Amino acid sequence: MKDLDLVSSESAQHWKKTLSDRLDPKWREDIDNFETDILLKKKGKIEDRVFAETRLRMGAYGQRYDNGHRHDGVEMKNIPFPTDLNKGPETKWDAPGMERIKLPWGGMTADQLDVMAELAEEYSDSILHITTRQDIQLHYIHIENCPSMFRRLAAVNITTREACGNSVRNVTACPIAGVCREEAFDITGYANAVFKYLLGHPDVQDFGRKFKIALSGCKHNPCGLTNIHDLGLTAVARPQPDGTVKRGFEYVVGGGLGAVTYDAKLFSDFVPEEEVLALTQATCRVYARLGEKKKRHRARIKFLVADMGIDKFREAVLEERAKLPNDPRWTDFLATLPKFEEKPLREAGKGIPKTDDAAFDFWCLTNVYPQKQDGFVTVTITLPMGDITSNQARALSDIARKYVKDTMRTTVEQNIVMRWVSEADLYNVYNDLKLIDLAEPGAASIVDITACPGTDTCKLGVSSSRGLAAELRTRLAVKFVEMDEAVRNLRIKVSGCFNSCGQQHIADIGFYGISRNVAGYIVPHFQMVLGGQFTNNGGSYGLATGGIASKAIPAVVDKLLDMYLKGKQKGEIFRAWVERTGKGVIMQSLADVSAVPAYDTDKSYYTDWGSVREYNVKDKGMGECAGEVVSLTEFGLKAADREIFDAQLKYDTGDIKAAGDKAYKAMLLAAQGLVKMFNIDISEDPEKVMAEFRERFYDSKLFFDPIAGPTYANFYFGGHDARNEILDKEKAGRRLKEAQIFLEACHNCNLRMSMGANKGKVGILADAGSKSDSKA
Amino acid sequence: MNLQYLNWKIHLENPAQAEPDEWFKVLSTWIPDAPEIFIDVADYKHVPDGPVTLLVGHYVNYSLDATGRQLGLLYDYKHPMDGTNEEKIRSSLLGLLRVAKRLEDDAGFHAGKPKFKAGEIRFIVNSRAIAPNSPETLEAVKPDLVKVLEKAFGVGGFTLDRPADPRQRFSVDVTAKGTPVLADLIKRLA
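Residues numbered from 1 in each chain as written. Chains lettered and ligands numbered in written order. Predicted model: local features only at pLDDT ≥ 70, side-chain atom pairs only at ≥ 80, totals over all residues. Heavy atoms only, no water.

So, the overall build of chain A
Looking only at helices and strands, chain A has 24 helices and 24 strands in total. Whereas a compact globule of 776 residues would reach a radius of gyration of roughly 28 Å, chain A reaches 28 Å, a difference of no more than 12%. By principal-axis analysis of the C-alpha atoms, chain A measures approximately 85 × 75 × 55 Å. Buried residues in chain A amount to 62% of all 776 residues. Expressed as a percentage of contacts within chain A between residues at least 6 apart in sequence, the contacts between residues at least 24 apart total 71%. (Helix = DSSP H or I, 4+ residues; strand = E, 2+ residues; numbered from the N terminus. Rg over C-alpha atoms; globule rule 2.2 N^0.38 Å. Buried < 20%, exposed > 50% of the residue type's maximum accessible area, 1.4 Å probe, protein only. Contact = heavy atoms within 4.5 Å.)

Below, the structure is given as structure tokens:
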């Protein structure tokens, strides 16, 4: 079989050639750089963990079995991938991975959905999976196909940058913003501003872990889930004495799910709209500066807020805010808010059409939301397990084009909403959706089960969350129509492990994957979490009540629902019933349906849902949620390596000027990278980089090679002085060589310092981030 | 045109009998100790008009596939192949037919034992860059495709039809005259 070279394949070159001119220049540069990183990695020029964080920051995530091992139910087997190359620590180059596509505030156009459908067909498995953070994920992707995917996405204004890794993840928001009857105001434009402002911002490149932001238009609904986020912004319209209304946000920080849930802390009950970006920037800077970097399990902002206390945290952020130099973008976006006001494609209706179609009526009951704009509704398209096929996606785009103006959004319940449907069109929309199997009722109900990928594709999965969700959904759907309303409106959420991607802590009935030893056999189990609150933006967390074998869960859920219906007092919600009844009593009552039969009696309990292999936990790998902690210096040096690689290519093709310029730029980037050990705000200005490099590394002799002394620094100084000279081929060649040696010296310097050879001479990173006044 | 990313689909004679769970079990047994590089089996029976049960490989994916609402076996060669276009078409078609035969013969199937329509197959190029779905692409592909199909079905033994939706990938439906048998086709192409 032929060794792969997908980056230079005819198909990849086609997209590069035809699309490059259409891309945002910055996004194009990001993609070109990533493509170069792939080539450099294949040549062994980039460390595994640095490449891992690089790809994560472009949304390219690992997937189960990517360490090259798979347990077949009897024993662990190697997967003989063709190359020994890695794309991260213990992550095989050829192993399929997942690509996460960021959709800020869940917004997507019909054209964008069409492109994602094409990508799913050509590079994935024709399935688009919607996540609980409004992203779309494609699975089974080869890393070398990513640049082509990125170009095709960028051509329709989608970036995957910072979709994973230690970065600001997708900025999520209420999917009915702008049409909600209860919102303070439409938060779409604000969510977009937060996304745009922070994307690639220098202040968010040095986090110890990921950082998630959500916006909501109101306090009491669950659409935005601000309380479970690192930073949550809830719209507040505050009446002023002069009769006007001032817009702002309630600002909460440090909420989070994960293994141990944290309640968000109120930072301010009102941050004026013009202050939101500045304060968010200051919050990010404090998190980057003071947040944990080494112990990943303590590196989210929730730990920092808890450790400092909200008052001290607030004080630190406000102090940081006061130091920030003014950025016009903080308020420029306010003028762009009107462009987020959507318009309908069709005339307003006059009520939902009367039909004798009972299925339509029931669908209207669960999947149709009357907008605040008279005559229009928002339709929820329920997607089982968040999945939609390429053909369905394309057909859905056509329906959207026919009835609305690009007003689709993904939801945190892994569905899609289509807004601005005229009531007059509703029955036609329903019938069109029905033709493509997307008119299933039950949105936001007990059958609309949220599930993370779990053991299907996730490296961290312990139990099969999708398998369990599918089974529960199938069983509950049968009796859905007849269900008591109190039960019908409950939420079930399932995660494959304690990391809570399925958001089980805020479900009425939640599950997360665990395993248990039963008489010497490992049995797939789920921890049951009862009584979480999905409303009030994920207002409170449920109680872990005990582990239940996966295969026993359907019977347990049936009995639990029955107990609730029989035992609840008038108007008593599920959470209140759980609290009143007590988890001891509940678990005791479930004992008869949750017992695990002996292996010889019923082997089915020893195999997980959606699997034919006897259960084991050996397929679990190292997670990549945490990303790799890669310093800004390492990123700087990698950028320099990329630049020198490009310089050599230019030289080889006879572009002498570009070769000379790029060779100098490589030295500049490397020097800048080193300086970032002390000052993360180092300017882009070559003179300032030179001055600071000279002061911190040359005058201090930190840079001096043990044998060659200052020689290599002089290559940079010489290159800097001559950077505007027109070089002939010979001089350009010399500069290239000098730049390569300087880069090697920079890597060696970084290595010496990170190994502590200079310990005591400098306080590495001790004051990093404190020089906000040096911003260019 | 350098053809790559070749897919073939062969339809089931007995789609109503297909049991995704059976396919899941059978395809799972193909993974251990396979000469090919297989990774896992994915279950998508909850969605229509796409893959149902998918055996994910490094070079090739095999799936029970319902795309276009037609149930069949999809053979998806994912990486660039060497050789002339004719060779690539021949070897990938042979790959499909061999997998179809293996499935028909697999003792792991019970109620839903598959039986394929050997005379009804679809050729797909899974790259809009290489093969936009246009009459021009058909003209470019046709000579090599016909050469291979003539080996399988005989001269004049089939008709070709290109579904015209420009948003879909380039594909050609091949309908054989008569009722060819899988084993014979394999013998002729091997």
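Describing the environment of R161(A)
Residues and elements named next belong to chain A. Within the secondary structure layout, R161 lies in the loop between α5 (146–154) and β10 (172–173). Linking R161 and K493, residues 332 residues apart in sequence, is a C-alpha distance of 28 Å. Excluding residues within four positions of it along the chain, R161 makes contact with K26, D30, R57, M58, K102, L199, G200 and Q205. Only 3.3 Å separates the side chain of R161 from the side chain of D30, close enough to count as a polar contact. (Polar contact = N/O pair within 3.5 Å; in protein donor to acceptor, adjacent residues only side chain to side chain.)

So, the domain arrangement of chain A
Residues and elements named next belong to chain A. Domain boundaries assigned for chain A yield domain 1 (10–105 + 124–152), domain 2 (180–340), domain 3 (358–435), domain 4 (450–596) and domain 5 (632–774). Look at where the C-alpha atoms of domain 1 and domain 3 centre, and you get two points 32 Å apart. On the side of domain 3, 15 residues touch domain 1, which itself brings 10 residues to the contact. Interface area for domain 1 against domain 3, summed over the two sides, is near 1,100 Å², with a carbon-plus-sulfur share of 56%. When the buried surface of domain 1 facing domain 3 is broken down by residue, W105, L128 and I130 rank first, second and third, together holding 48% of it. Put simply, domain 1 and domain 3 have 0 salt bridges between them. Tallied by class, the residues present in the side of domain 1 that touches domain 3 amount to 5 nonpolar, 5 polar and no charged. (Domains from an automatic or database assignment. Buried area = accessible area lost by both parts, 1.4 Å probe. Salt bridge = Lys/Arg side-chain N within 4 Å of Asp/Glu carboxyl O. Nonpolar A, V, L, I, M, F, W, Y, C, P; charged D, E, K, R; others polar.)

Comments concerning the packing of helix α7 (residues 276–290) of chain A against helix α8 (residues 301–308) of chain A
All names here are of chain A. Put simply, α7 and α8 touch, their axes get as near as 10 Å, and they point 85° apart. When the axes of α7 and α8 are compared, the pair comes out roughly perpendicular. Contacts between α7 and α8 involve T283, V286, Y287 and L290 from the first element and I301, L304 and M308 from the second. Of the residues belonging to the contact of α7 with α8, the class tally is 6 nonpolar, 1 polar and no charged. (Axes fitted to C-alpha atoms, helices over the stretch in contact; angles between N-to-C directions. Parallel < 35°, antiparallel > 145°, perpendicular 65-115°, else oblique.)

Some words on the interface of chain A and chain B
Each side of the interface is counted separately: chain A has 47 residues, and chain B has 40 residues. When chain A packs against chain B, close to 3,800 Å² is buried across both sides, 55% of that on carbon and sulfur atoms. The interface formed by chain A and chain B contains 9 salt bridges. For the interface between chain A and chain B, the tally reads 16 residue pairs in polar contact (both at pLDDT 80 or more).

Some thoughts on the pattern of salt bridges
Residues and elements named next belong to chain A. A full pass over the atoms with the stated rule returns 75 salt bridges over all chains. The shortest N-O distance in the salt bridge between E471 and R475 comes to 2.8 Å. Placement of both E471 and R475 in helix α14 (residues 465–478) is noted, with a separation of 4 residues, approximately one turn of the helix. For E471, a relative accessible area of 23% corresponds to the partly exposed category. Since its relative accessible area comes to 37%, R475 is described here as partly exposed. Between R575 and E579 there is a salt bridge, with its nearest N and O atoms 3.5 Å apart. Remark: E579 and R575 occur in helix α18 (residues 574–581); sequence separation between them is 4 residues, near one turn of the helix.

Re the sheet that holds strand β1 (residues 60–61) of chain A
Residues and elements named next belong to chain A. Taken together, 5 strands build an open sheet; the order of strands is β1-β6-β9-β8-β17 and the sheet is antiparallel. A single partner strand is all that each edge strand has here, and the edge strands are β1 and β17 (387–389). Both strand β6 (residues 97–101) and strand β9 (residues 136–141) contribute to a ladder of 4 bridges, which runs antiparallel. Looking at the pairing, E99 lines up with L138 of β9. Together, β8 (127–130) and β17 form the strand contacts of helix α12 (residues 390–403), whose direction differs from that of β17 by roughly 85°. (Pairing = 2+ DSSP bridges.)

Things to note about the packing of aromatic side chains
Residues and elements named next belong to chain A. As enumerated under the stated definition, the model contains 46 aromatic pairs over all chains in all. Between Y190 and F249, the ring centres sit 5.1 Å apart and the planes meet at 70°, which makes this aromatic pair edge-to-face. Of this pair, Y190 sits in helix α6 (residues 188–198) while F249 sits in strand β13 (residues 245–253); the two residues are 59 residues apart in sequence, bridging distant segments of the chain. On the basis of relative accessible area, F249 is assigned to the buried category, the value being 0%. These aromatic residues form a ring-pair network of at least three members: F678, F693, F697, Y698, F703, F704, Y716, F717 and F742. When the ring centre of Y65 is taken as reference, the NZ or CZ atom of R70 above it lies at 5.4 Å. Over the ring of F717 we find R694; its NZ or CZ atom is 4.1 Å from the centre of that ring. (Phe/Tyr/Trp six-rings, centres within 6.5 Å; stacked < 30°, edge-to-face > 60°. Lys NZ or Arg CZ within 6 Å of the ring centre and 35° of its normal.)

Quick look at the nonpolar core
With 126 residues, the main nonpolar core has L215(A), F313(A), W363(A), L396(A) and L433(A) as its most contacted residues. The dominant element in this core, judged by the number of residues it contributes, is α7(A), at 9 residues. Once residues within four sequence positions are removed from consideration, F313(A) is found in contact with V253(A), F267(A), T283(A), V286(A), I301(A), L304(A), V305(A) and M308(A). If you look at the next biggest cluster of nonpolar residues, it comprises 68 residues, including V52(B), L64(B), A131(B) and A176(B). (Core = buried A, V, L, I, M, F, W, Y, C linked by side-chain atoms within 4.5 Å.)

Regarding the sheet that holds strand β24 (residues 543–549) of chain A
All names here are of chain A. Reading across from one edge, β20-β21-β22-β23-β24 is the order of the 5 strands in this open sheet, with mixed pairing throughout. The sheet is open, and its two edges are formed by β20 (450–451) and β24, each paired on a single side. Examined bridge by bridge, strand β21 (residues 492–495) and strand β22 (residues 509–518) share 4 bridges and lie parallel to one another. Counted as the bridge partner of I492 is I509 from β22. Here helix α19 (residues 583–594) sits on the sheet in contact with β23 (521–530) and β24, set at roughly 10° to β24.

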